[in-house]
There are 2 protein chains.
Amino acid sequence: MKTEFCTELEKAVYVTGYGNCVGKTEGEGPLGDKFDTVIDDGYFAEASFEKAEVKLHKRALERALERARITVNDLDIIGAGDLLNQCVASAYAVRESNVPFVGLYGACSTMALSLGMCSMALESGFARRGAAVTSSHFGSAERQFRYPLEYGGQRPPSAQRTVTGAGAVILSTCESADIRISAVRFGRVVDFGITDINNMGGAMAPAAADTLLNYLAHGRDADLIATGDLASIGSEILYDLMAQEGVDIRSKHVDCGKMIFDADAQDVHAGGSGCGCSAAVLTAELLPRLERGEINSMLFVATGALMSPLTVQQKESIPGIAHLIRFERVEAK
Amino acid sequence: MKTEFCTELEKAVYVTGYGNCVGKTEGEGPLGDKFDTVIDDGYFAEASFEKAEVKLHKRALERALERARITVNDLDIIGAGDLLNQCVASAYAVRESNVPFVGLYGACSTMALSLGMCSMALESGFARRGAAVTSSHFGSAERQFRYPLEYGGQRPPSAQRTVTGAGAVILSTCESADIRISAVRFGRVVDFGITDINNMGGAMAPAAADTLLNYLAHGRDADLIATGDLASIGSEILYDLMAQEGVDIRSKHVDCGKMIFDADAQDVHAGGSGCGCSAAVLTAELLPRLERGEINSMLFVATGALMSPLTVQQKESIPGIAHLIRFERVEAK
């Protein structure tokens, strides 16, 4: 069994811009005043939740491009994905651009997957500037994965709330910035046999442990470890799995699914989830912390549950995956 | 507007193995005796079409690994995708391996997308050996995109039949072979406003034209141009769109959607489609032609329609995409 799949980038891949756009509930959470755009209306003045999600996706990318001081057609590649069947939010969001498009599917791990793919495109010389984008929407996800909102289904305490939000990051090898991506590790599919669709954190935690244990085993470390959306239950399982291998990450670990909502004050059960969760927290809170110098390095480990409603109906267990991106402050290097 | 996105690979990325597995109807078609495995039973001895598709996917990869004389854990990366919601055929097919997994969604363009992603991984040094895999299944696709087979819905002449099949290609920079990938061009999302779900060829042809015109405009050419699954109607539209720009490709063009079935003898309407269509034809017919020296270079241009049943219900038009891979015989270089 192989244990080493991490790639240290030889080129300087800079984070030249980032942006986000989130929904009302996210705007009322602990990070509310840090988001670029908060929409009050879940439909975002569109005719459906899906069209609203396309608009979230576009708005996040626009904001990231503004910060990077470039236009969409300055990009050489866009890597994007989302939770909707056939990943339509991404495809419809980019169809007005003239940029080569790599469609990705990594469930809630998509922000790290698209950052990894774009890093690879820049490292290989396929692109000089790339954008990694992803989105999710509570309304479009609930009706696709669970029930229409009107049905008012009850959810158990282990369930997570899909974040309405999108995040985008611009990477460049031809402009410099204060943050760079220095390493990428694409994750493996890990299946611990969990079959409970309301315990996504539990299904994803073993994948996060696999990716992190392999990364940290080689003497590497970072100031902050941010997992995607394990939320409260998945985070505890991650600590247990890491502890079994003698690794304690509690003091430097945060989870985007726990950060985005106030679990006591908001009706979110175990926390946030969805592609947009880690994308919005990364671009509203984590990258700014690096930029301000509060931390000098960060492992961003977004996690995904690779099931579908159909595989759950067919009694399959739920495989997870976790991709890792290492961000560094450039001065601290 | 940019016109140049093609990347010529600097490293020698060799095709060291390929394999496929198809269904009964495909086995009865013109390429029937060229496939590695033909299954008689659409369920492939499994309990559902979806589980059968997972098995097709695994069987194609196993055959490709055998030809490459390696095992799955010799791979550094697997890039795969399929048509099922949340791309579950791919995720469930690779969950027993220990290989980093990049989940991709490009609809029927996925074989070229995954080959392009793997080429990029090898060119960048992220991987030394990679596998590109994709699959589709008539039964799982019909009930997801159209109607359950039991309903017996009528289809218009422009409709295509989703191929039951999977294909896999092994790429390596550390073993040599007779065929290499020399260039990759990721396509752009192109939307000509087609809204007819039974005319996928028409929706995808503009994307194929965009990708090919850009590639050929720079003085480049090849002995054979193989599009993914435009089938009979889409191929004619492609000829028309290319002719408007003064380019005639008829004499060197083939289409995987036309090749896989006998349109006169089999009830397939406009031809084949699905991720597995171009993957199976590439690995059963096109790569062997290169290997035998019948042609020295080939552009493999798989096309995808990036819609979902929901976007069609919401009256959206159907965007297309086409990714291009250039294969060359090594001696002829």
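A few points on the structure.

Reading the values: the criteria
- Note on numbering: residues in each chain are counted from 1, in written sequence order.
- Labels are handed out in written order, letters beginning with A for the chains and numbers beginning with 1 for the ligands.
- Only residues with pLDDT of 70 or above have their local features reported here, since the model is predicted, and side-chain atom pairs are shown and tallied only from 80 upward, although totals for entire chains, interfaces and linings are computed over all residues.
- Hydrogens and water are ignored here; the side-chain numbers use all heavy atoms of the structure.
- By definition here, a salt bridge exists when the distance from a side-chain nitrogen of Lys or Arg to a carboxyl oxygen of Asp or Glu is within 4 Å.
- Think of it in three bands: residues with accessible area under 20% of the maximum for their type are buried, residues over 50% are exposed, and the middle band is partly exposed, with areas taken using a 1.4 Å probe on protein chains only.
- A pair of sulfur atoms, both from cysteines and within 2.5 Å, is called a disulfide here.
- Here, nonpolar core means buried Ala, Val, Leu, Ile, Met, Phe, Trp, Tyr and Cys residues that are tied together by side-chain atoms lying within 4.5 Å of each other.
- We call two residues in contact whenever any of their non-hydrogen atoms come within 4.5 Å of each other.
- Simply put, an axis is a line fit to the C-alpha atoms, just over the touching stretch for a helix, and the angle between two N-to-C directions goes from 0 to 180 degrees.
- Secondary structure is summarised from DSSP: a helix means a run of H or I of at least four residues, a strand means a run of E of at least two, and numbering begins at the N terminus for each.
- Oblique is the label for every angle not falling under 35 degrees (roughly parallel), over 145 degrees (roughly antiparallel), or within 65 to 115 degrees (roughly perpendicular).
- By the definition used in this description, the sense in which the near helix is turned from the far one sets the handedness, with an anticlockwise turn below a right angle giving left-handed and a clockwise turn giving right-handed.
- Ten residues, namely Ala, Val, Leu, Ile, Met, Phe, Trp, Tyr, Cys and Pro, are considered nonpolar, four, namely Asp, Glu, Lys and Arg, are considered charged, and the remaining ones, Gly among them, are considered polar.
- Whether two strands pair comes down to DSSP finding at least two bridges between them.
- The copies were overlaid by least squares, fitting only the C-alpha atoms of residues that reach a pLDDT of 70 or more in each copy.

For the rest of this paragraph, the subject is the pattern of salt bridges. Taken as a whole and assessed by the stated rule, the structure comprises 44 salt bridges over all chains. Here Glu328 of chain A ties to Arg326 of chain A by a salt bridge, and the two come within 2.8 Å at their closest N and O atoms. By the burial criterion, Glu328 of chain A is buried, and Arg326 of chain A matches it. The partner of Arg146 of chain B in a salt bridge is Glu142 of chain B, and the shortest N-O contact between them spans 3.0 Å.

All names here are of chain A. Tallied over the full model, the rule gives 0 disulfides over all chains. No disulfide involves Cys108; its sulfur sits 5.4 Å from that of Cys275, the nearest cysteine. Residue classification places Cys108 among the buried residues on the basis of a relative accessible area of 10%. In this structure Cys118 is not part of a disulfide, and its nearest cysteine sulfur, from Cys174, lies 13 Å away. With relative accessibility at 0%, the residue Cys118 sits in the buried group.

Glancing now at the nonpolar core. Residues Ile78 and Leu212 of chain A together with Ile78 and Leu212 of chain B are the most contacted members of the largest nonpolar core, which totals 137 residues. Beyond its immediate sequence surroundings of up to four residues, Ile78 of chain B is in contact with Leu61, Val72, Val94, Ser97, Val99, Pro100, Phe101, Val102, Ala131 and Val133 of chain B. If you look at the next biggest cluster of nonpolar residues, it comprises 104 residues, including Met117 and Leu286 of chain A together with Tyr18 and Cys118 of chain B.

Residues and elements named next belong to chain A. Packing of helix α6 (residues 200-216) against helix α7 (residues 231-244) brings their axes to within 8 Å, and their N-to-C directions diverge by 40°. Judged by the angle between their axes, α6 and α7 are oblique. Note on packing geometry: the crossing formed by α6 with α7 is right-handed. Contacts from Gly201, Gly202, Ala205, Pro206, Ala208, Ala209, Leu212, Leu213 and Leu216 in α6 reach Gly234, Ile237, Leu238, Leu241 and Met242 in α7. Class assignment for the residues of the contact of α6 with α7 results in 11 nonpolar, 3 polar and no charged.

Right, let's talk about the environment of Phe192 of chain A for a bit. Residue and element names in this part refer to chain A. Looking at the element boundaries, Phe192 is found in the loop between β7 (179-185) and α6. Taking the relative accessible area as the measure of exposure, Phe192 reaches 55% and is therefore exposed. When the C-alpha atoms of Phe192 and Ala64 are compared, they prove to be 37 Å apart, with 128 residues separating the residues in sequence. Excluding its chain neighbours within four sequence positions, the residues that come into contact with Phe192 are Pro206 and Leu241.

Now for the environment of Leu306 of chain B. Along the polypeptide, Leu306 of chain B turns up in the loop between β11 (297-305) and α10 (309-313). Apart from the residues lying within four places of it in its own chain, the contact partners of Leu306 of chain B are Val88, Ala91, Tyr92 and Phe101 of chain A together with Tyr105, Gly106, Ala107, Val189, Pro319 and Ile321 of chain B.

Residue and element names in this part refer to chain A. With 7 of its 8 residues buried, helix α5 (residues 138-145) lies for the most part within the structure. Among all positions of α5, only Phe138, Gly139, Ser140, Ala141, Glu142, Gln144 and Phe145 are buried. Contacts from the buried residues of α5 go to α2 (49-68), β4 (129-136), β5 (161-162) and α10 (309-313).

Across a sheet, paired strands are connected by hydrogen bonds in the backbone, their directions being either parallel or antiparallel. All names here are of chain B. Sheet architecture is open: 10 strands sit in the order β3-β2-β4-β6-β1-β7-β12-β11-β8-β9, paired in mixed fashion. One side of each edge strand has no neighbouring strand; the edge strands of this open sheet are β3 (101-103) and β9 (253-255). Strand-to-strand, the axes of this sheet are offset by a mean angle of 25°, without reference to chain direction. Bridging between strand β1 (residues 7-22) and strand β7 (residues 179-185) involves 4 bridges; their strand directions are antiparallel. Bridge pairing in β7 places Thr7 opposite Val184.

What follows is about the relation of the copies chain B and chain A. When chain B is fitted to chain A, the best match, at an RMSD of 0.0 Å, comes from turning it 180° and sliding it 0.0 Å along the axis. In symmetry terms, the pair is related by a two-fold rotation axis.

Spatial relationships are all this shows, so hold off on functional conclusions.
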